[in-house]
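Letter by letter, the chains look like this.
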Amino acid sequence: RSILKGHLDDETLMRVSAEEDWTVICSSLLQDTLPNERAAIFEVFLSHFSVVNNFYKHYGAISGGGSSATMEYVEFIKFMTDLGLSGHEDLAGNIVSKTFVDEVGSLENEASRPQFVACIIRLARYIYILAPKRKKSKQRET
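A few points on the structure. Source: prediction; values computed, not measured. (Residues numbered from 1 in each chain as written. Predicted model: local features only at pLDDT ≥ 70, side-chain atom pairs only at ≥ 80, totals over all residues. Heavy atoms only, no water.)

## A word on the layout of surface pockets
Of the voids in this model, the largest pocket is the one considered here, and its volume is about 460 Å³. Taken together, 19 residues form the lining of the largest pocket, with Val44, Val52, Ile120, Ile121 and Ala124 sitting closest to its centre. Listing elements by their share of the lining of the largest pocket, those giving two or more residues are helix H3 (35-47), helix H4 (49-60), helix H5 (73-82) and helix H7 (113-141). Per-element tally for the lining of the largest pocket: the top contributor is H7, with 8 residues. (1 Å grid on protein atoms, 1.4 Å probe; cavity = no way out; pocket = protein on both sides within 12 Å on 5 of 7 lines; lining within 4 Å. Points joined across faces, edges and corners; volume = space filled by probe spheres on them. Helix = DSSP H or I, 4+ residues; strand = E, 2+ residues; numbered from the N terminus.)

## With respect to the packing of helix H2 (residues 11-28) against H7
Where H2 contacts H7, the two axes come as close as 9 Å, and the packing angle between them is 55°. By the criterion of interaxial angle, the relationship of H2 to H7 is oblique. Relative to H7, the crossing made by H2 is right-handed. Judged by residue contacts, Ser17, Asp21, Trp22, Val24, Ile25 and Ser28 of H2 engage Arg113, Pro114, Val117, Ile121 and Arg122 from H7. Tallied by class, residues from the contact of H2 with H7 come to 6 nonpolar, 2 polar and 3 charged. (Axes fitted to C-alpha atoms, helices over the stretch in contact; angles between N-to-C directions. Parallel < 35°, antiparallel > 145°, perpendicular 65-115°, else oblique. Left-handed = near helix turned anticlockwise from the far one by under 90°. Contact = heavy atoms within 4.5 Å. Nonpolar A, V, L, I, M, F, W, Y, C, P; charged D, E, K, R; others polar.)

## Structural notes on the nonpolar core
One finds Trp22, Ile25, Phe45, Phe76, Leu91 and Phe116 to be the most contacted residues of the largest nonpolar core, which totals 33 residues. If you list the elements that add at least two residues to this core, you get H2, H3, H4, H5, helix H6 (95-104) and H7. Take this core: its biggest share by element is 9 residues, from H7. In contact with Phe45, other than residues within four places in its own chain, are Ala18, Asp21, Trp22, Ile25 and Val117. (Core = buried A, V, L, I, M, F, W, Y, C linked by side-chain atoms within 4.5 Å. Buried < 20%, exposed > 50% of the residue type's maximum accessible area, 1.4 Å probe, protein only.)

## Here we look at the packing of H5 against H6
Contact geometry of H5 with H6 gives a least axis separation of 11 Å together with a crossing angle of 130°. The pairing of H5 with H6 is recorded here as oblique in orientation. For the pair H5 and H6, the crossing hand works out as right-handed. Facing H5, whose interface residues are Tyr73, Phe76, Ile77 and Met80, H6 presents Val96, Ser97 and Phe100. Its residues placed into classes, the contact of H5 with H6 shows 6 nonpolar, 1 polar and no charged.

Shape descriptors only; they carry no functional weight alone.
Next up, the structure:
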């Protein structure tokens, strides 16, 4: 680890890697987002990229079937459980599995890091934007 420390903590390398991931994420997920909103999301992503990368590598290495370079669905569920989100009231039903499948194609496929981040963004959008709108709409109906 001490030999690789210069590479692991290199800000330039981290930014390049984050920008590469961001290009992939934006190509499918944030097409309908305004440029200034996309820039704000990118700044949050960039400032937390190291942590996101470490989560991805850690949880990607949990199962014996894959490697730390990919994440299986069961590893993603472990991540969600450890965050306390697997039983979240706004993620009922098959929202998590549908989100994973929408990004990677099937539950048997493994997620790349940009796909992992895209899943997180989709679920955050669902929890903090779509679910509250649905709740308000239901309240108005009653």
